[in-house]
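Working through the structure, step by step
The residues making up each chain are set out below.
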Amino acid sequence: MANLKSLAKDTAIYGLSSIVGRFLNYLLVPLYTHYMPKDSGDYGISTNVYAYTALILVLLTFGMETTLFRFANDNPPSSINHQPSTIHSWPDTVFSTAFVIVGSLTALFLALLFGFITPISGALGYADHPDYLLMMGVVVAMDAIQALPFSYLRFQKRPIRFASLKLLFIVLNIGLNLLYFVVLGKTSVFYVFFINLLCTGFIMLLFVPGFFHIHWHFDGQLLRRMLSYSWPILILGVAGILNQVADKIVFPLVYPNQAQANVQLGIYGSCVKIAMIMAMITQAFRYAYEPIVFAKSKDADKAEYYASAMKYFLIFTLLAFLCVVGWMPLLKHIIGADYREGLGVVPIVMAAEIMMGVYFNLSFWYKLIDKTIYGAWFSMIGCVVLFAVNIIFIPHYGYWACAWGGVAGYGTAMVLSYIVGQKKNPIPYPMRDILVYVGLTLVFFVGMTIISRRLSSWPALALNTLIIVCFVAVIIKRDFPLSSLPVIGKRFRKH
């Protein structure tokens, strides 16, 4: 119970930074979709370039975020002759060794990018704008370097510091976007990338003083162990990120009308922003959950804990799903009117994100027994399914194929991980409770969809909110009885 309370507290802090940050970032969506006309294709260019940077970031970090948690929680191997002071700083040794790996890959990436920018920009369709790729290349390099210090803050249980830096970046980013787009009238996609470069560089400077407090110590034996552990995670990460961004990379390459490719991608990319509430919740949960899982790996009740965490994760993501669907008459105003024709993909993309979150929860069985190769296989198979759906169906159905491709890819990886996991390292997930909540969500979703189509905005909002309240009432009745809550519970127990 204490660990669940710690998980809830840390998730709240990480979630606050993630949700508030994403909410503030939502302010950029109406800004961009208002100042960058749909037919310019600028928002589609932004969507495409950020998809590439997300993939490159996974390659540069090389699975070292999860690997850091895995080895920092271990005791130093007996074969290594550590002095007492060095033993005390074993996590610093793990951090230092991981940093050498990430730093080396980042330096190599920048050398290749700047050395071959002309053929690279030509191959990706940006021959006239290599500056876009250069700026975002430097951004992703700094993001890779920052990934390990951010992970170390999570390992050290310092969510306030973590959240403060994340929110500072968001505030700076929004402030500069408002300055350039609204005040100065600089509305080109160039300034989207330029502002990101400035903000990322500023956060990078704030990490520099902390590097002087690290007991730097490179360990060659540890390096080999970490690489052996991390390379399947790298494959897992590449496949995982491709499940998220492959549609945005593939779309301009296979869409039959090349003149309209970035326009259609801009519509899809802007509508997907509304669906990212699922990604926020999953990310917040991951930030809090991952360190606890590895720390708890030797406890006797670990299986029950993992099962409970899965259940509550699903409850809250399904609630978030209904909130987004029910309040779509309001949320649609996040994006410009010209882009709203793609709003129908939002529930589909959210369903895919929920499956991704479930898959993440299921993934710990192979991480804890050092069999990360299973995750690599599951993710690669899911990625192949996603690519197949996108390549085959985008020419016929446009961005609708992108949305359903995510469901197919994540759904495949999720089912495979569950089936194999229950054979290799079974966990007693409360499947009956989970299916009850999933079934109830589907019923309420159908009801909300019918209401939103037949009624005007405000009556639809009122009825949909009533449905959400009913769902919350079911949650309280089944899993969060008021009598168990502090203060409030005392009054209920008296009656």
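Since this is a predicted model, take the numbers as computed values, not measurements.

Cut-offs and rules
- Residues numbered from 1 in each chain as written.
- Predicted model: local features only at pLDDT ≥ 70, side-chain atom pairs only at ≥ 80, totals over all residues.
- Heavy atoms only, no water.
- Phe/Tyr/Trp six-rings, centres within 6.5 Å; stacked < 30°, edge-to-face > 60°.
- Helix = DSSP H or I, 4+ residues; strand = E, 2+ residues; numbered from the N terminus.
- Buried < 20%, exposed > 50% of the residue type's maximum accessible area, 1.4 Å probe, protein only.
- Patch = residues over 30% accessible without salt bridge, like charges linked within 9 Å, V, L, I, M, F, W, Y side chains within 5 Å.
- Areas by Shrake-Rupley, 256 points an atom, 1.4 Å probe, with all protein chains shown as cover.
- Salt bridge = Lys/Arg side-chain N within 4 Å of Asp/Glu carboxyl O.
- Polar contact = N/O pair within 3.5 Å; in protein donor to acceptor, adjacent residues only side chain to side chain.
- Contact = heavy atoms within 4.5 Å.
- Expected span 1.5 Å × (residues − 1).
- Axes fitted to C-alpha atoms, helices over the stretch in contact; angles between N-to-C directions.
- Nonpolar A, V, L, I, M, F, W, Y, C, P; charged D, E, K, R; others polar.
- pLDDT = per-residue confidence, 0-100.
- Left-handed = near helix turned anticlockwise from the far one by under 90°.

Details of the packing of aromatic side chains
Within the structure shown, the criterion is met by 23 aromatic pairs. Measuring from ring centre to ring centre gives 6.2 Å for Y268 and Y399, while their planes differ by 15 degrees; the resulting arrangement is stacked. Note that Y268 is positioned in helix α12 (residues 258-275) and Y399 in helix α19 (residues 399-424), a separation of 131 residues in sequence. For the pair formed by Y268 and Y399, the shared burial category is buried. Taking 6.3 Å as the distance between ring centres and 45 degrees as the angle between the ring planes, the aromatic pair formed by Y418 and Y429 counts as tilted. Of the two residues, Y418 is situated in helix α19 and Y429 in the loop between α19 and α20 (431-454); the sequence distance between them amounts to eleven residues. On the basis of relative accessibility, which here comes to 28%, the residue Y418 falls in the partly exposed class. Given a relative accessible area of 10%, Y429 falls into the buried group. Taken together, Y32, Y35, Y43, F181 and Y339 form an aromatic cluster joined through their ring pairs.

A closer look at a nonpolar patch on the surface
A cluster of nonpolar side chains, namely L178, L179, V182, V183 and L184, defines an oily patch on the protein surface of about 430 Å² accessible area. Position of V182 relative to the elements: it lies in helix α9 (residues 159-183).

What about the side chain of N390?
Of note, N390 is situated in helix α18 (residues 373-397). In this structure the side chain of N390 is engaged in a polar contact, spanning 2.8 Å, whose partner is the backbone oxygen of L386. Excluding anything up to four places from it in sequence, N390 contacts D247, V254, P395, A401, C402 and G405.

Points about the environment of E341
Examined against the element boundaries, E341 turns out to sit in the loop between α15 (328-331) and α16 (346-362). Under the relative-accessibility criterion, E341 is labelled partly exposed at 47%. For the pair E341 and I267, spaced 74 residues apart in sequence, the C-alpha to C-alpha distance is 7.5 Å.

Digging into the side chain of T67
Mapped onto the elements, T67 comes out in helix α4 (residues 64-72). The class of T67 is buried, set by a relative accessible area of 0%. Polar side-chain contacts of T67 include one of 2.7 Å to the backbone oxygen of G63. Apart from residues lying up to four places away in sequence, T67 is in contact with M226, Y229, S230 and I233.

Here we look at unusual backbone geometry
Backbone geometry at F62 places phi at a positive 55 degrees, although glycine is not the residue there. With respect to the helices, strands and loops of the structure, F62 is situated in the loop between α3 (42-61) and α4. By relative accessible area, F62 is classed as buried at 18%.

A closer look at α16
Over its 17 residues, α16 runs 24 Å from end to end, which matches the ideal 24 Å to within 8%, given 1.5 Å per residue. α16 sits mainly inside the fold: 15 of its 17 residues count as buried.

Quick word on the packing of α3 against helix α10 (residues 189-211)
Between α3 and α10, the shortest axis-to-axis distance is 9 Å and the interhelical angle comes to 35 degrees. Across the interface between the two elements, D42, I45, S46, V49 and Y50 from α3 touch V189, V192, F193 and N196 from α10. For the contact of α3 with α10, the residue count by class is six nonpolar, two polar and one charged.

So, the confidence of the model for the protein
For the protein, per-residue confidence averages 82 on the pLDDT scale, and residues scoring 70 or more make up 84% of the total. Per-residue pLDDT stays below 50 along residues 81-88; that stretch engages in six contacts with residues further than four places along the chain or on separate chains.

Some thoughts on the packing of helix α8 (residues 130-155) against α10
The relative placement of two packed helices comes down to the angle between their axes together with the axis-to-axis distance. Look at α8 against α10: their axes get within 9 Å of each other, and the N-to-C directions meet at 30 degrees. Considering how the two elements wind past one another, α8 and α10 form a crossing that is left-handed. Here the contact of α8 with α10 is built from residues that sort into 19 nonpolar, four polar and two charged.

Observations concerning the pattern of salt bridges
According to the stated counting rule, one finds five salt bridges in the structure shown. Residue K311 is joined to D433 by a salt bridge in which the shortest nitrogen-to-oxygen separation is 3.1 Å. Taken together, the residues span a long stretch of sequence, with K311 in helix α14 (residues 302-326) and D433 in helix α20 at a distance of 122 residues. By relative accessible area, K311 is classed as buried at 11%. For K311, the salt bridge identified is with D479, shortest N-O distance 2.4 Å.

With respect to the environment of T465
Turning to its location among the elements, T465 is positioned in helix α21 (residues 457-478). The spacing of T465 and M448 is 17 residues in sequence and 9.4 Å in space, taken between C-alpha atoms.

Observations concerning the environment of D370
For D370, the position within the fold is in the loop between α17 (364-368) and α18. Sequence separation between D370 and S228 is 142 residues, and the spatial gap between their C-alpha atoms is 9.6 Å. In this structure D370 touches R70 and Y229, once residues within four positions along its chain are discounted.

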